[in-house]
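Survey of secondary and tertiary structure
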Amino acid sequence: MDNVIKKLNWIYYSQMLITCIVWGAMTYAYSHGLYQPLDILSPMGTTVQYILIIDALITIPLGLYLIKWLKPQTNERYFKLAGARILMVSNTMPLGVFAFYWLGGYRSMIWLAAIGAIGWYFTKPTRGKMEQEMTPEDPNVPTY
C-alpha cells in the first residue's frame, strides 16, 4: 500500500513540476519576444479559450469522482485509477498557464489554471484516502 502511495506521489508532484516548467518557459519566451501573442477576440483566441474551459468543465469533476464510480478492489487497479485522476484533474494547470501567456496575459486563463490547482490539491494521494476509497460501501448505511 505504501509503495502505491509513493508512486502516486511521483505522478502528483510531477504535474506541479510540469506546470512550473511551462510557466518558466512561457515567461522566458514572452519576455524575449519569441512568439506573437494571440488576440483574445480572434477566432483562434476564442477557440483556445473554449477548448480550455470545456476541458476544465469535463475533466475536473470526472477525475474527482472517477474512483468513487469505479470502486477499485486491488492495489494495481487503485494505482491506475488514482494516477488517471491526478492527470485528468491537473491537466488544466499547465494548459491554463500556457494559454495565459499565449493569449497575451489573459487573466481568465490563469484563473482556470488556479481552479485546476485547487482540484489537483484534492487528488493528493494519502494512505487514509486509499484505505477509504478501497473499502467497499456497506449497503445498509444510509448516505445523505
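Look above for the structure.
Everything in this summary refers to the structure shown in the same document. Because the structure is a prediction, the values reported are computed rather than measured.

1. Remarks on the overall build of the protein chain
From N to C terminus, the protein chain includes six helices and zero strands. Across the 144 residues in the protein chain, those meeting the buried criterion constitute 36%. A sequence separation of at least 24 residues applies to 75% of the contacts in the protein chain between residues at least 6 apart. Accessible area of the protein chain: about 9100 Å², with a carbon and sulfur share of 68%. Across the protein chain, the mean location of the 11 positive side-chain charges is 4 Å away from that of the 8 negative side-chain charges.

2. Quick look at the layout of surface pockets
Roughly 400 Å³ of volume is contained in the largest pocket. Forming the walls of the largest pocket are 16 residues, and the residues nearest its centre are Ile67, Lys68, Gln132, Glu133 and Glu137. Looking at the lining of the largest pocket, the elements that each hand over two or more residues are α2 (43-70) and α6 (127-134). Broken down by class, the residue content of the lining of the largest pocket amounts to seven nonpolar, three polar and six charged.

3. Let's talk about the pattern of salt bridges
Per the counting criterion, the structure on display carries four salt bridges. Close ionic contact of Arg85 with Glu133 constitutes a salt bridge, the shortest N to O distance being 2.8 Å. Note that Arg85 is positioned in helix α3 (residues 75-90) and Glu133 in helix α6, a separation of 48 residues in sequence. When salt bridges with common partners are traced through the structure, they connect Asp2, Arg127 and Glu131 into a single cluster.

4. Description of the nonpolar core
By size, the foremost hydrophobic cluster in this structure holds 17 residues, and its most contacted members are Tyr101 and Met109. Breaking this core down by element, the ones donating at least two residues are α1 (2-31), α2, α4 (92-102) and α5 (107-121). When residues no more than four places from it in sequence are discounted, the contact partners of Tyr101 are Trp23, Met26, Thr27, Tyr30, Tyr35 and Pro37. Core analysis: the second largest hydrophobic core is formed by 14 residues, Ile5, Tyr12, Ile67 and Ile86 among them.

Definitions and cut-offs
Residues numbered from 1 in each chain as written. Predicted model: local features only at pLDDT ≥ 70, side-chain atom pairs only at ≥ 80, totals over all residues. Heavy atoms only, no water. Helix = DSSP H or I, 4+ residues; strand = E, 2+ residues; numbered from the N terminus. Buried < 20%, exposed > 50% of the residue type's maximum accessible area, 1.4 Å probe, protein only. Contact = heavy atoms within 4.5 Å. Areas by Shrake-Rupley, 256 points an atom, 1.4 Å probe, with all protein chains shown as cover. Lys, Arg positive; Asp, Glu negative; His and termini not counted. Charge placed at Lys NZ, Arg CZ, Asp CG, Glu CD. 1 Å grid on protein atoms, 1.4 Å probe; cavity = no way out; pocket = protein on both sides within 12 Å on 5 of 7 lines; lining within 4 Å. Points joined across faces, edges and corners; volume = space filled by probe spheres on them. Nonpolar A, V, L, I, M, F, W, Y, C, P; charged D, E, K, R; others polar. Salt bridge = Lys/Arg side-chain N within 4 Å of Asp/Glu carboxyl O. Core = buried A, V, L, I, M, F, W, Y, C linked by side-chain atoms within 4.5 Å.

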